[in-house]
Amino acid sequence: VERYPRDVLRVLKLWAADPDEHIRRLACEAMRPRLPWGKRLDFLAQPPDPLLPVLWKLHRDRSAYVRRSVANCLNDLTKVDPEWVLSTLERWPCEVPETRWIVQRALRTLTRAGDRRAL
């Protein structure tokens, strides 16, 4: 991922469209800058714009398993670039219950910290 980020992102976009929910989830998990059990990949979030096409596609996924991964990835990104996450999520359709759930879960760290915009 560090050596070939553009190539990795190209593959992740393909995986985001895979029929298998496990592959779609892997597309999102591979982008997480701060996996609890993995190496920090904060460079992915500086800026996180290249991640947006995959996150956008997967936030509407039919699988809660995949949507939870999207929320966790976004929560990781709040620790690197909270302004970007907040600006991005303001554009997502929160009238859809699944999206509203992702937004709430994605902002949990900022909400606990009392961030006014996240609240």
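All residue numbers refer to position in the chain's written sequence, counted from 1. Local features in this predicted model are restricted to residues whose pLDDT is 70 or higher, and side-chain atom pairs enter the listing and the counts only when it is 80 or higher, whereas totals over whole chains, interfaces and linings include all residues. The side-chain figures draw on all heavy atoms in the structure; neither hydrogens nor water molecules are used.

A. Geometry of the packing of helix α4 (residues 64-78) against helix α5 (residues 82-90). Running from amino to carboxyl end, α4 crosses α5 at an angle of 135°, the nearest separation of the two axes being 7 Å. Taken together, the axes of α4 and α5 lie oblique to each other. Contacts between α4 and α5 involve Leu74, Leu77 and Thr78 from the first element and Pro82, Trp84, Val85 and Leu89 from the second. By residue class, the composition of the contact of α4 with α5 is six nonpolar, one polar and no charged. For helices, the fitted line uses only the C-alpha atoms of the stretch in contact; every axis is such a line through C-alpha atoms, and the angle between N-to-C directions lies from 0 to 180 degrees. Strands are runs of DSSP state E lasting at least 2 residues, helices are runs of H or I lasting at least 4, and numbering of each runs from the N terminus. Here roughly perpendicular refers to angles of 65 to 115 degrees, roughly parallel to angles under 35, roughly antiparallel to angles over 145, and oblique to all remaining angles. The contact definition used throughout considers only heavy atoms, calling two residues in contact when any of these lie within 4.5 Å. Side-chain classes are defined by residue name, with Ala, Val, Leu, Ile, Met, Phe, Trp, Tyr, Cys and Pro counting as nonpolar, Asp, Glu, Lys and Arg as charged, and the others, Gly among them, as polar.

B. Summary view of a nonpolar patch on the surface. Note on patches: the residues involved have over 30% relative accessible area and no salt bridge, like charges join within 9 Å, and the nonpolar side chains Val, Leu, Ile, Met, Phe, Trp and Tyr join within 5 Å. To measure how exposed things are, a 1.4 Å probe is used in the Shrake-Rupley method; for residues, cover is taken only from the protein chains shown. By definition, a salt bridge exists where a carboxyl oxygen of Asp or Glu is found within 4 Å of a side-chain nitrogen of Lys or Arg. Nonpolar side chains collect at one region of the surface, where Val11, Leu14, Trp15 and Leu26 lie side by side and expose about 340 Å² of accessible area between them. Ranked by residues supplied to the nonpolar patch, first place goes to helix α1 (residues 5-15) with three residues. Here leucine 26 lies in helix α2 (residues 21-29). Only protein chains enter the area calculation, which uses a 1.4 Å probe; residues under 20% of their type maximum are buried, those over 50% are exposed, and those in between are partly exposed. With relative accessibility at 38%, the residue leucine 26 sits in the partly exposed group.

C. Geometry of the pattern of salt bridges. Tallied over the entire structure, the rule returns seven salt bridges. For arginine 32, the salt bridge goes to glutamate 29, with nearest N and O atoms at 3.3 Å. Per residue, the accessibility class of arginine 32 equals that of glutamate 29, and both read buried. Classification of arginine 32 as buried rests on a relative accessible area of 10%. Members of the salt-bridge network, linked through shared partners, are Arg25, Glu29, Arg32 and Asp76.

By themselves, these are just geometric observations and shouldn't be taken as functional.
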